[in-house]
Amino acid sequence: MPKSKTAAPKKILGGENSKAEEVIQEVRKLSDPKAVEILSRFFKTGKGQYGEGDLFLGIKVPPLRKISKLYKGLPLSELQKIVKSKYHEERLLGFFILCEKFQKTPEEGRKELHLFYLKNLKYVNNWDIVDLSSRELIGDYLIDKERDILYKLLKSNNLWERRVAIISTYAFIRKGDFKDTLKISEKLLTDKEDLIHKAVGWMLREVGNRSLKPETDFLDKHAHKMPRTMLRYAIEKFPAKLKSKYMKAGKE
């Protein structure tokens with residue numbers, strides 16, 4: 001009786017045998033040339049601007065989120081090829097995939113993903129990539145660990161690394177732990193970058209959303225020297241009377 005042939009194992013989309021090229025092929029199908037110019041302006045890619053030279057495919061976030069869920073099994077060796085792409089959306093997708101992997105990985109396996117993120121921070125080079133990846137891949141990882149890396153990033157000459165330092169603390173804020181947010185915010189009061197002012201103000205507002213007193217204590221001490229944008233972001237949801245108090249206290 002002839003031996004039955006063993007069927008070749010079916011390849012699973014997004015599994016361990018997937019390749020970066022497959023992912024990139026899926027992404028580029030969604031490219032919208034009409035949106036490229038809009039996104040390039042929005043993310044300030046002109047000469048001397050914070051996103052100078054960045055290249056876009058014209059893809060919105062929701063489709064990238066969808067693809068990231070399909071390819072969460074992609075090996076790190078293949079993911080490396082995506083996070084260093086010259087295209088903004090492909091880098092963002094790469095870090096979305098890393099976040100998906102992080103969420104599905106038990107605690108004992110998360111260190112490798114955290115270190116991969118730190119190794120590739122130079123590709124986390126615009127505010128949306130920072131904001132949509134650092135809370136999980138740094139903040140969530142550090143919930144029960146030493147947080148020295150945040151203070152190292154805080155001293156960086158790189159705008160995005162400083163933004164990572166403050167945005168990562170959102171993970172702690174969500175747990176009711178405000179000390180690092182307030183400490184880092186204090187150290188960033190004299191930062192020259194508007195994108196840092198916005199990030200600090202946002203995180204202070206998130207503190208206040210959960211417990212108003214720690215934020216108002218911070219403002220009572222520092223409002224007079226806070227950059228105007230930082231202060232406006234921090235008090236955005238305050239009642240009118242309280243908002244007026246701090247706007248008057250703030251520097252002109």
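Residues numbered from 1 in each chain as written. Predicted model: local features only at pLDDT ≥ 70, side-chain atom pairs only at ≥ 80, totals over all residues. Heavy atoms only, no water.

Visitor: Requested: an account of the pattern of salt bridges, with residues and values cited.
Guide: Tallied over the full model, the rule gives 20 salt bridges. Where Glu 100 meets Lys 69, a salt bridge forms, and the shortest distance between an N and an O atom there is 3.0 Å. Placement of the pair is Glu 100 in helix 5 (residues 88-104) and Lys 69 in helix 3 (residues 61-70), with a sequence separation of 31 residues. Of the charged contacts in the structure, one is a salt bridge between Lys 81 and Glu 78, with a shortest N-O distance of 3.1 Å. Of this pair, Lys 81 and Glu 78 both sit in helix 4 (residues 76-83), three residues apart, roughly one helical turn. Lys 81 gets classed as partly exposed once you look at its relative accessible area, which sits at 38%. Look at the salt bridges and you will find they share partners, linking Arg 147, Asp 177, Lys 179 and Asp 180 into a network. (Salt bridge = Lys/Arg side-chain N within 4 Å of Asp/Glu carboxyl O. Helix = DSSP H or I, 4+ residues; strand = E, 2+ residues; numbered from the N terminus. Buried < 20%, exposed > 50% of the residue type's maximum accessible area, 1.4 Å probe, protein only.)

Visitor: Lay out the packing of aromatic side chains in plain terms, naming residues and giving numbers.
Guide: The final tally for this structure, using the stated rule, is eight aromatic pairs. Ring centres of Phe 42 and Trp 127 lie 6.0 Å apart, and the angle between their planes is 65 degrees; on these two criteria the pair is classed as edge-to-face. One end of the pair, Phe 42, is in helix 2 (residues 33-42); the other, Trp 127, is in helix 7 (residues 127-131), with 85 residues separating them in the sequence. Under the relative-accessibility criterion, Trp 127 is labelled partly exposed at 22%. Grouped by ring-pair contacts, the aromatic residues Phe 42, Phe 43, Phe 56 and Trp 127 constitute a single cluster. A cation over a ring is seen here: Arg 110 above Phe 102, with NZ or CZ 4.1 Å from the ring centre. (Phe/Tyr/Trp six-rings, centres within 6.5 Å; stacked < 30°, edge-to-face > 60°. Lys NZ or Arg CZ within 6 Å of the ring centre and 35° of its normal.)

Visitor: If you had to explain the nonpolar core to someone new, which residues and values would you point to?
Guide: In this structure, Leu 79, Leu 98, Leu 219 and Met 226 are the most contacted members of the largest nonpolar core, which totals 71 residues. The greatest single-element share of this core, amounting to eight residues, is contributed by helix 5. Per-domain counts for this core show at least three residues from each of domain 1 (14-126) and domain 2 (142-251). Setting aside its immediate chain neighbours within four residues, Leu 79 contacts Leu 74, Gly 94, Ile 97, Leu 98, Lys 101 and Phe 116. (Core = buried A, V, L, I, M, F, W, Y, C linked by side-chain atoms within 4.5 Å. Domains from an automatic or database assignment. Contact = heavy atoms within 4.5 Å.)

Visitor: So what about the domain arrangement of the protein chain? Which residues, and what values?
Guide: Looking at the assigned domains, one finds that the protein chain contains domain 1 (14-126) and domain 2 (142-251). Averaged C-alpha coordinates put domain 1 and domain 2 at centres separated by 27 Å. With seven residues of domain 1 at the contact, the number on the domain 2 side is eight residues. Carbon and sulfur atoms supply 75% of the area buried between domain 1 and domain 2, which totals about 660 Å² over both sides. Remark: the boundary between domain 1 and domain 2 carries two residue pairs in polar contact (both at pLDDT 80 or more). Residues of the side of domain 1 that touches domain 2, tallied by class, amount to four nonpolar, two polar and one charged. (Buried area = accessible area lost by both parts, 1.4 Å probe. Polar contact = N/O pair within 3.5 Å; in protein donor to acceptor, adjacent residues only side chain to side chain. Nonpolar A, V, L, I, M, F, W, Y, C, P; charged D, E, K, R; others polar.)

Visitor: Tell me what's going on with the environment of Lys 81, and back it up with residues and numbers.
Guide: It is 36 Å that separates the C-alpha atoms of Lys 81 and Met 230, two residues lying 149 residues apart in sequence. Lys 81 has contacts with Ala 20 and Glu 21, leaving out every residue within four places of it along the chain.

Visitor: Kindly report on the side chain of Ser 168, identifying the contributing residues and their values.
Guide: Looking at the element boundaries, Ser 168 is found in the loop between helix 10 (159-167) and helix 11 (170-173). When sequence neighbours within four positions are dropped, the list of residues in contact with Ser 168 reads Ser 134, Arg 135, Ile 138, Gly 139 and Leu 150.

Visitor: Could you give me a rundown of helix 4, with the residues and numbers involved?
Guide: Extensive coverage of helix 4 is indicated by the burial of six of its eight residues. Taken together, the buried positions of helix 4 are occupied by Leu 76, Glu 78, Leu 79, Gln 80, Ile 82 and Val 83. The secondary structure elements touched by the buried residues of helix 4 are helix 1 (20-28), helix 5 and helix 6 (110-119).

Visitor: Tell me about the packing of helix 10 against helix 13 (residues 194-210), and name the residues and values.
Guide: Contact pair helix 10 / helix 13: the axes reach a minimum separation of 10 Å and the direction vectors enclose 5 degrees. One element, helix 10, and the other, helix 13, form an angle in the roughly parallel class. Contact with helix 10, carried on its side by Leu 159, Trp 160, Arg 162, Arg 163, Ile 166 and Ile 167, involves Leu 195, Ile 196, Ala 199, Val 200, Trp 202 and Met 203 of helix 13 and no other residues of that element. In the contact of helix 10 with helix 13, the residues fall into 10 nonpolar, no polar and two charged. (Axes fitted to C-alpha atoms, helices over the stretch in contact; angles between N-to-C directions. Parallel < 35°, antiparallel > 145°, perpendicular 65-115°, else oblique.)

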